[in-house]
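Reading the structure
Below, each chain spelled out in residue letters.
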Amino acid sequence: MAKCLSSICAVNHVVPGTFLQGVLSMPARRALEKEKIDSLEKLSDYSEEEILQLHGFGKNTLKKLKIYMHERQIYFKEFKE
């Protein structure tokens, strides 16, 4: 019978952040984490176009995010070329 390695797992296991958990998929949340976006206020500093450039984001994910932000009266910045 195998030995329990729970003490090893507890030390090495990293729990990912819970920002937007249940709202966005894990790839999209990892993309935000990589950019150090961990709050809606930080997210509002970006335009929709900038967020769509991140790996893990597509139109459907952006739509979910916009709805979530709108419910909290937070919006993306305007895109300026």
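Residues numbered from 1 in each chain as written. Predicted model: local features only at pLDDT ≥ 70, side-chain atom pairs only at ≥ 80, totals over all residues. Heavy atoms only, no water.

Next up on the list: the nonpolar core. Ranked by size, the top nonpolar core spans 16 residues in total, and within it Leu32, Leu43, Ile51, Phe57 and Leu65 carry the most contacts. Counting residues per element, the ones that place at least two in this core are α2 (26–34), α3 (40–43) and α5 (59–71). If we skip the residues at most four places from it in the chain, Phe57 touches Leu24, Ala28, Ala31, Leu32, Ile51, Leu52, Leu62 and Leu65. (Core = buried A, V, L, I, M, F, W, Y, C linked by side-chain atoms within 4.5 Å. Buried < 20%, exposed > 50% of the residue type's maximum accessible area, 1.4 Å probe, protein only. Helix = DSSP H or I, 4+ residues; strand = E, 2+ residues; numbered from the N terminus. Contact = heavy atoms within 4.5 Å.)

When pLDDT is low, close inspection of the predicted coordinates is not appropriate. The share of residues in the protein with pLDDT of 70 or more is 75%, and the mean pLDDT across the chain is 83. Within the model, pLDDT remains below 50 along residues 9–14, and this stretch shows 0 contacts once partners closer than five positions in the same chain are excluded. (pLDDT = per-residue confidence, 0-100.)

Next up on the list: the packing of aromatic side chains. Within a pair of aromatic rings, the relevant descriptors are the distance that separates the centres and the angle that separates the planes. Within the structure shown, the criterion is met by 0 aromatic pairs. The ring centre of Tyr68 lies 3.6 Å from the NZ or CZ of Arg72, which sits over that ring. (Phe/Tyr/Trp six-rings, centres within 6.5 Å; stacked < 30°, edge-to-face > 60°. Lys NZ or Arg CZ within 6 Å of the ring centre and 35° of its normal.)

On the secondary structure map, Leu40 appears in helix α3. Not counting the four nearest positions on each side in its chain, Leu40 is found in contact with Phe19, Leu20, Tyr68, Met69, Arg72 and Ile74.

Let us now look at α5. The end-to-end C-alpha separation of α5 is 18 Å, in line with the 18 Å expected for 13 residues at 1.5 Å each. Those residues of α5 lying buried are Thr61, Leu62, Leu65 and Met69. Seen from one end, α5 has its buried residues packed into an arc of 95°, which puts them on one side. Exposed and oriented more than 90 degrees from the buried face of α5 are Lys59, Asn60, Lys63, Lys64 and Glu71. Looking at the buried positions of α5, the neighbouring elements they touch are α2, α3 and α4 (48–52). Two residues or fewer after α5 comes Gln73, characterised by a positive phi angle close to 55°. (Expected span 1.5 Å × (residues − 1). Arc of directions from axis to C-beta.)

What follows concerns the pattern of salt bridges. Summed over the entire model, instances satisfying the criterion amount to 4 salt bridges. When the shortest N-O distance is used, the salt bridge between Lys42 and Asp38 registers 2.9 Å. The class of Asp38 is partly exposed, set by a relative accessible area of 48%. The salt bridge partner of Glu71 is Arg72, with a shortest N-O separation of 3.2 Å. (Salt bridge = Lys/Arg side-chain N within 4 Å of Asp/Glu carboxyl O.)

Once that is clear, we can look at unusual backbone geometry. You will see that Lys36, though not glycine, has its phi angle at about 65°, which is positive. Along the chain, Lys36 turns up in the loop between α2 and α3. Lys36 sits in the exposed class, given a relative accessible area of 65%. Unlike most non-glycine residues, Gln73 shows phi in positive territory, near 55°. For Gln73, the position within the fold is in the segment after α5. Using a relative accessible area of 65% as the deciding quantity, one classes Gln73 as exposed.

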